[in-house]
Amino acid sequence: MTDLIDTTLTGGDIGHPGVFEEVEAAHEHPEHGPTGILKWLTSTDHKVIGMSYMITAVVLFYIAGVLALVMRLQLASPTSSLLSLSAYNQLFTMHGSIMMYLFAGPFAFGGLANFIVPLQVGAPDMAFPRLNALSYWLFLTGSITMIMDFFVRGGAAAFGWVAYAPLSEATNSPGLGGDIWIMALVLTGFSAIFTGVNLVATIFYLRAPGMTMFRMPIFTWNMLVTAILILIAFPVLTSALVMLFCDRHFGTHIFTVQGGGSPILYQHLFWFFGHPEVYILALPYFGVVTEILPVFSRKPVFGYKGMVFATMAIAALSTGVWAHHMFTTGVVLLPFFSLLSLLIAVPTGIKFFNWIGTMWRGQLTMKAPLLFCIGFLIAFLMGGITGVILASPPLDFFVHDTYFVVAHFHQVLFGTAVFAGFAGLYYWYPKFFGRMLRDHLGKWHFWLTFIGFWITFMPQYVLGLMGMPRRVATYPTNLGWQSWNIASTVGAFLIAAGFAVLLYNLWISWREPILAGDNPWDGHTLEWFTTSPPPHHNYLHLPPIRSERPTWDYNHPDAPTVGHGKQVRPRPGTPGAPALVGARSGEGSNGSDGRSTTR
């Protein structure tokens, strides 16, 4: 039986008589191994680890969201005493740190990538399962360490999520808070590096027969490029943090002028990590959107190879634009970094045109995943346009360190990590659990978040142009800033209401499940071929892989040929397409459980 299953997993003769009967019989046997809490604590299964990442990251997202609401309440009044100045500094430092380092990245390349990439390339697991488990536990340890920062004497780190020297030096930021913050980021940094190694090895060496590089889904391509960027950028951040820690405790004076060091060196090191980090956060969510739009447009992705090469171009250019964060320091070559910063808009624009081309004249199905993708397109477009403004040195000088930068930054990262991230959650939730989220609640979640998003951040552009600096807890009463801050605070609470709806949706969908079937969206890529949720080693057999849409090809043998390979029809004697893709309980033609017959 083991040999038989190995044959089917490696592209053997899936049409051989009796294969499906024996494999299906094997599938009915319960899996051996720990269950319950012990399974979550000891598993090396990429699906369990990916789900652990996502659950942890979403919990941290809600914590950081609460911190943001408290800050917005403080800013609704010019002279509010809700928070002391020190407490406010701690809150904005921890809000930014949790969102950047513990939610946006880990949710995507820790959670979604772990769960989805092996499925999309037809692999039974990640290349290094134990290293994968270590990566998650490092991430969890780093996350708990950072949260514990609030409970040490002197409070949490208060020097901002970028930790600029000399503000982050021991003289200006004494106490354990800064040290714990550094330790937390070193732990999560190693987690990211190990995950990057694992993703690269898995994608290069564990692809199924027929899954050539240019048949991989765009999501997998984006995760591959992201993993390479992680291996470039995160060691630089880790080295900068180690040097900062040495300055704080061992008198090395690497970043202090008094000892012959240079604070500007820290900025170079941090932003050499920090700007690739922007695309480490964005590219996975670009991949999510590129997976969802074709499915809900009933079309193949427009410009497949153009998307792949645009992703590579964005990654390459992202390593050469770090100093546009340093225009006002006076020590960088403005024309060079301005030109490169403007140039990176070209491959990003290619992606936009391809996304629009994918939807153009498609049979759009306005479900929650598609709505969140459209919300991403609009939000990220605005963030990109304001990014062009900030790439121009004269304009950057005018709005530097104002709320204009805060608004731009949130439009880019909220637009990707939140809109596209939760589009991915709604899209793949049936694959994770075999049940559906309520679509009407998903639409409420979207509209509250979308409206709240614009009410929150558009006033901040105005505040920035009016001169309101970032990182202030109070402000003068006679400058006309209060009404805009009140509007921004109202928008923040609308966003919070949207995410309260998500919690209710998760709860009701778990208590009163609607079975999803194996492929409720009629998806195109390989993860939709297996059962929902997938078995332990993902696949009991694989379809022929002759294009970037193997599941679509298998389920629609009479569809027109598209993609980078010829259409393949099932061999005589093999099962055909499912009678009803995504049938729910009692609705499928193959029995009462609604599962597809092509597992």
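Residues numbered from 1 in each chain as written. Predicted model: local features only at pLDDT ≥ 70, side-chain atom pairs only at ≥ 80, totals over all residues. Heavy atoms only, no water.

**Student:** Tell me about the overall build of the protein, and please be specific about residues and values.
**Tutor:** Within the protein one finds 18 helices and 0 strands. Sorting the 599 residues of the protein into buried and exposed places 58% on the buried side. Once local pairs closer than 6 in sequence are excluded, the contacts in the protein between residues at least 24 apart make up 78%. (Helix = DSSP H or I, 4+ residues; strand = E, 2+ residues; numbered from the N terminus. Buried < 20%, exposed > 50% of the residue type's maximum accessible area, 1.4 Å probe, protein only. Contact = heavy atoms within 4.5 Å.)

**Student:** Quick rundown of the packing of aromatic side chains? Include the residues and the values.
**Tutor:** Applying the stated rule across the entire model yields 67 aromatic pairs. A centroid spacing of 6.2 Å and a plane angle of 85 degrees characterise the contact between Trp 161 and Trp 271, whose relative ring orientation is edge-to-face. Placement of the pair is Trp 161 in the loop between α6 (129-148) and α7 (176-205) and Trp 271 in helix α9 (residues 263-297), with a sequence separation of 110 residues. For the residue pair Trp 161 and Trp 271, the accessibility class agrees, reading buried in each case. Summarising the aromatic geometry, the rings of Phe 336 and Phe 337 are spaced 5.0 Å apart at their centres and angled 85 degrees between planes, so their arrangement reads as edge-to-face. According to the relative accessible area criterion, Phe 336 is partly exposed, its value standing at 41%. Taken together, the ring pairs connect Tyr 101, Phe 159, Trp 161, Trp 181, Phe 234, Phe 255, Tyr 266, Phe 270, Trp 271, Phe 273 and Phe 409 into an aromatic cluster. Cation over ring: Lys 305 sits above Phe 214, and NZ or CZ is 5.3 Å from the ring centre. (Phe/Tyr/Trp six-rings, centres within 6.5 Å; stacked < 30°, edge-to-face > 60°. Lys NZ or Arg CZ within 6 Å of the ring centre and 35° of its normal.)

**Student:** Could you give an account of helix α4 (residues 46-75), with specific residues and numbers?
**Tutor:** With 30 residues, α4 extends 43 Å from end C-alpha to end C-alpha; this agrees with the ideal 44 Å at 1.5 Å per step. The buried fraction of α4 is high, at 22 of 30 residues. (Expected span 1.5 Å × (residues − 1).)

**Student:** Break down unusual backbone geometry for me, with residues and values.
**Tutor:** Looking along the chain, the bond that leaves Ala 165 and enters Pro 166 is cis, with omega of 5 degrees. Here Pro 166 is to be found in the loop between α6 and α7. Residue Ser 532 is joined to Pro 533 through a cis peptide bond whose omega torsion reads -10 degrees. Note that Pro 533 resides in the loop between α17 (482-511) and α18 (550-555). If you check the backbone angles, Asp 401 has positive phi at about 60 degrees while not being a glycine. Here Asp 401 shows up in the loop between α14 (393-399) and α15 (403-433).

**Student:** I'd like a description of the environment of Val 295, backed by residues and values.
**Tutor:** Positionally, Val 295 belongs in helix α9. Look past the residues within four positions of Val 295 in its chain and what remains in contact with it is Tyr 427, Trp 521, Asp 522, Gly 523 and His 524.

**Student:** How would you explain the pattern of salt bridges if you had to name every residue and give the values?
**Tutor:** Two side chains with opposite charge may pair up if their charged atoms get near one another. On inspection of all chains with the given rule, the structure shows 7 salt bridges. Between Asp 522 and Arg 298 there is a salt bridge, and its shortest N-O distance comes to 2.7 Å. Note that Asp 522 is positioned in the loop between α17 and α18 and Arg 298 in the loop between α9 and α10 (304-318), a separation of 224 residues in sequence. Among the residues examined, Asp 522 registers a relative accessible area of 9% and is labelled buried. (Salt bridge = Lys/Arg side-chain N within 4 Å of Asp/Glu carboxyl O.)

**Student:** So what's going on with the confidence of the model for the protein? Residues and values would help.
**Tutor:** Taken over all residues, the pLDDT of the protein has a mean of 88, while the share at 70 or more is 88%. Every residue in residues 1-29 scores below 50 in pLDDT, and together they form 35 contacts with partners more than four places removed in sequence or on other chains. Contacts for the low-pLDDT stretch residues 563-599, under 50 throughout, to residues beyond four places or in other chains number 82 contacts. (pLDDT = per-residue confidence, 0-100.)

**Student:** Describe the packing of α15 against α17, with residues and values.
**Tutor:** Two elements in contact, α15 and α17, have axes whose closest approach is 13 Å; the angle formed by their N-to-C orientations is 5 degrees. As far as their axial angle goes, α17 and α15 are roughly parallel. On α17, the residues touching Phe 414, Val 418, Phe 422, Leu 425, Tyr 426, Tyr 429 and Phe 433 of α15 are Ile 495, Phe 499, Leu 502, Asn 505, Leu 506 and Trp 510. In terms of residue class, the contact of α15 with α17 is built from 12 nonpolar, 1 polar and no charged. (Axes fitted to C-alpha atoms, helices over the stretch in contact; angles between N-to-C directions. Parallel < 35°, antiparallel > 145°, perpendicular 65-115°, else oblique. Nonpolar A, V, L, I, M, F, W, Y, C, P; charged D, E, K, R; others polar.)

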